[in-house]
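Below are the chains, spelled out letter by letter.
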Amino acid sequence: MPLIRLYLAPNILSSDEKKEVSIQLTDIYTSRGLPPFYVNIIFIETPPNCLFVGGEPQDKFVRICIEHIALHFPSDDRKRSYMKKLDSIIQPLFQSKGYQWEYHISETPRDLWKVQSIIPPPYQSLEERSWMTERRAIPY
Amino acid sequence: MPLIRLYLAPNILSSDEKKEVSIQLTDIYTSRGLPPFYVNIIFIETPPNCLFVGGEPQDKFVRICIEHIALHFPSDDRKRSYMKKLDSIIQPLFQSKGYQWEYHISETPRDLWKVQSIIPPPYQSLEERSWMTERRAIPY
Amino acid sequence: MPLIRLYLAPNILSSDEKKEVSIQLTDIYTSRGLPPFYVNIIFIETPPNCLFVGGEPQDKFVRICIEHIALHFPSDDRKRSYMKKLDSIIQPLFQSKGYQWEYHISETPRDLWKVQSIIPPPYQSLEERSWMTERRAIPY
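Residues numbered from 1 in each chain as written. Chains lettered and ligands numbered in written order. Predicted model: local features only at pLDDT ≥ 70, side-chain atom pairs only at ≥ 80, totals over all residues. Heavy atoms only, no water.

Enquirer: A description of the confidence of the model for chain A should follow, citing residues and the corresponding values.
Expert: For chain A, mean pLDDT is 96; residues scoring 70 or higher make up 100% of the total. This prediction of the complex comes with two scores: 0.97 for pTM and 0.97 for ipTM. (pLDDT = per-residue confidence, 0-100.)

Structure (structure tokens):
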């Protein structure tokens, strides 16, 4: 449900760092009760001269695009607290390396979404709980 | 109008399979009367350790992102029948290979869209029909 | 704020051309008073047999995806004038090379957006002006 794409220069993050940040980002969603496999994270590495900021090629920059599908923010408070959690993961990681970053989130319709061609069960339903414990999409 | 991006590991699909699935996906839209060249499909192959599901690197997974622009769903029935057609194409393809998949669709404004810098003609207009038969965008 | 992704075959544009078109696209936004570093442009080069138009592999095609976050169009007139400016940049570039192109724009929520983990200051505020003159995100 969240689809998170990170556009960045190659070698900004090691494989271990990618895995670590993926686990941390996934934890944001599982802590709200979502099955871990809902969280899809894609690192898209851009060759030199393919990422421009303000008209200049920039290889110390990470652009993060987040799409929320299963859960939309119910309030402004939740938006703020989500972004704070996000910041607590990415800010120390990129700031220590001298990189800049920017992110935005969009919300897309839950009823236009399937996992393994199955309509995911309602949030916090019994069926969703079984997807969580089985760690995969199962017909219901 | 539909922009379909498929994120997947390299070598999951051969060039022939990519072409075949592109033709099948395109047929969904031409069967609704849209010009075939409206359908843009991009396969984005992710190197190892660049695609994570549930915090784990995953190379047997396909994430499909679909954007609809020219036509929005007029009803819930149409949403369901569209997704069924989609499932009938991708489910046999990926299931037989032991891959997992997930997709979502979003709808974006038709009036913020151009083909060859031309505002596409209204749906089912005479001008659209001539785009269809000419198989290209022509000024009108 | 605008995130502009261009999907295209490798070698369609040289590094110099990418830089030149990035500067021209950035100018559209700075002429409306936005800090230049808000403009993120990513060229995503697709290998052969990875981009299909109408079910056919196509290597003389550029698909442009634009997301607007900081500023949404206040009127239909502004939509049209924006797209005209865009056309004046990309049409001569791609037409002269015999390429085809298509673009669409979507608008995403401003309150789900951060630069350097800072909520960007309101449009045309004093703080935004200092981001512009400093050419970076500064806490305020």
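Enquirer: Pulling in residues and values, what's your account of the interface of chain A and chain C?
Expert: Of the residues lining the interface, 30 residues belong to chain A; the matching set on chain C comes to 31 residues. Where chain A abuts chain C, roughly 2,600 Å² becomes buried across the two surfaces, and 52% of that area is made up of carbon and sulfur atoms. Counting across the chain A and chain C interface gives three salt bridges. Among the ionic pairs, K114 of chain C bridges to D87 of chain A, the shortest N-O distance being 2.6 Å. Run the count over chain A and chain C and you get 17 residue pairs in polar contact (both at pLDDT 80 or more). Taken together, the elements giving at least two residues each to the side of chain A that touches chain C come down to strand 1 (3-8), strand 3 (51-53), strand 4 (56-57), strand 5 (61-68), helix 2 (76-95) and strand 6 (100-107) of chain A. (Contact = heavy atoms within 4.5 Å. Buried area = accessible area lost by both parts, 1.4 Å probe. Salt bridge = Lys/Arg side-chain N within 4 Å of Asp/Glu carboxyl O. Polar contact = N/O pair within 3.5 Å; in protein donor to acceptor, adjacent residues only side chain to side chain. Helix = DSSP H or I, 4+ residues; strand = E, 2+ residues; numbered from the N terminus.)

Enquirer: Give me the interface of chain B and chain C: which residues, what numbers.
Expert: Reports of interface size often rely on the accessible area that becomes lost once the parts have come together. Counting residues at the interface gives 31 residues for chain B and 30 residues for chain C. Of the roughly 2,600 Å² buried where chain B meets chain C, counting both sides, 52% is carbon and sulfur surface. Ranking the residues of chain B by area buried against chain C places L112, K114 and Q116 of chain B at the top, with a combined share of 27%. Taken together, chain B and chain C are joined by three salt bridges. In this structure, K19 of chain B and E56 of chain C form a salt bridge, with 3.1 Å as the shortest nitrogen-oxygen distance. Applying the counting criterion to the chain B and chain C interface returns 17 residue pairs in polar contact (both at pLDDT 80 or more). Of all the elements in the fold, those that place two or more residues in the side of chain B that touches chain C are strand 1 (3-8), helix 1 (15-30), strand 2 (40-45) and strand 7 (113-115) of chain B. Residue composition of the side of chain B that touches chain C, by class: 17 nonpolar, seven polar and seven charged. Taken together, the three bridges between strand 7 of chain B and strand 6 (residues 100-107) of chain C define a ladder with antiparallel strand orientation. Directly across from W113 of chain B, in strand 6 of chain C, lies its bridge partner H104 of chain C. (Nonpolar A, V, L, I, M, F, W, Y, C, P; charged D, E, K, R; others polar. Pairing = 2+ DSSP bridges.)

Enquirer: Just give me the short version of the relation of the copies chain A and chain C, but keep the residues and values in it.
Expert: The two copies are related by a screw operation: chain A maps onto chain C through 120 degrees of rotation and 0.0 Å of translation along the axis, at an RMSD of 0.0 Å. Viewed as a symmetry operation, the transformation between the two copies matches a three-fold axis. Rotation axis and chain A: the residue whose C-alpha lies nearest the axis is I44 of chain A, separated from it by 5.3 Å. A different interface surface on each copy is seen, since only 7% of the contact residues of chain A are contact residues in chain C too. (Least-squares fit on C-alpha atoms with pLDDT ≥ 70 in both.)

Enquirer: So what's going on with the packing of aromatic side chains? Residues and values would help.
Expert: According to the stated counting rule, one finds 27 aromatic pairs over all chains in the structure shown. Between the aromatic rings of Y29 of chain A and Y82 of chain A, the centroid separation amounts to 6.0 Å while the plane-to-plane angle is 55 degrees, which identifies the pairing as tilted. Residue Y29 of chain A is located in helix 1 (residues 15-30), and its partner Y82 of chain A is located in helix 2; the two are separated by 53 residues in the primary sequence. A relative accessible area of 4% means that Y29 of chain A is categorised as buried. We classify Y82 of chain A as buried; its relative accessible area is 7%. Here the aromatic cluster, defined as three or more aromatic residues joined through ring pairs, consists of F37, Y38, W113, W131 and Y140 of chain A. A cation sits over an aromatic face here: K18 of chain B above F43 of chain B, 5.9 Å from the ring centre. (Phe/Tyr/Trp six-rings, centres within 6.5 Å; stacked < 30°, edge-to-face > 60°. Buried < 20%, exposed > 50% of the residue type's maximum accessible area, 1.4 Å probe, protein only. Lys NZ or Arg CZ within 6 Å of the ring centre and 35° of its normal.)

Enquirer: Tell me about the packing of helix 1 of chain A against helix 2 of chain A, residues and numbers included.
Expert: Residue and element names in this part refer to chain A. At a minimum axis distance of 10 Å, the contact between helix 1 and helix 2 shows a crossing angle of 170 degrees. Looking at the two axes, helix 1 sits roughly antiparallel to helix 2. Contact with helix 1, carried on its side by E17, V21, Q24, L25, I28 and Y29, involves Y82, K85, L86, I89 and L93 of helix 2 and no other residues of that element. For the contact of helix 1 with helix 2, the per-class residue count stands at eight nonpolar, one polar and two charged. (Axes fitted to C-alpha atoms, helices over the stretch in contact; angles between N-to-C directions. Parallel < 35°, antiparallel > 145°, perpendicular 65-115°, else oblique.)

Enquirer: Run through the relation of the copies chain B and chain C, naming residues and quoting values.
Expert: Least-squares fitting of chain B to chain C yields an RMSD of 0.0 Å, with the superposition described by an axial translation of 0.0 Å and a rotation of 120 degrees. Here only 6% of the contact residues of chain B are again contact residues in chain C; the copies associate through non-equivalent surfaces.

Enquirer: Could you give an account of the pairing of strand 2 (residues 40-45) of chain C, with specific residues and numbers?
Expert: Residue and element names in this part refer to chain C. The element strand 2 is largely enclosed, with a buried count of five among its six residues. Note: strand 1 (residues 3-8) against strand 2, six bridges, orientation parallel. Within strand 2, the position partnered with L6 by the bridge is F43. As for the winding sense of the linkage, the β-α-β connection from strand 1 through helix 1 (residues 15-30) to strand 2 is right-handed. (Right-handed = clockwise from strand over helix to strand, strands pointing away.)

Enquirer: Go over the pairing of strand 5 of chain A, please, and point to the residues and values.
Expert: Residues and elements named next belong to chain A. Strand 5 sits mainly inside the fold: eight of its eight residues count as buried. Where strand 1 and strand 5 come together, six bridges link them in antiparallel fashion. Directly across from R5, in strand 5, lies its bridge partner C65. Where strand 5 lies against strand 6, eight bridges are found, and the strand directions are parallel.

Enquirer: Now, about unusual backbone geometry: what can you tell me, with residues and values included?
Expert: In this structure, S117 of chain B takes a positive phi of about 60 degrees despite not being glycine. One can find S117 of chain B in the loop between strand 7 and helix 3 (126-134). With phi around 65 degrees, N49 of chain C is a residue other than glycine that occupies positive phi space. Secondary-structure assignment places N49 of chain C in the loop between strand 2 and strand 3 (51-53). A relative accessible area of 31% places N49 of chain C in the partly exposed class.

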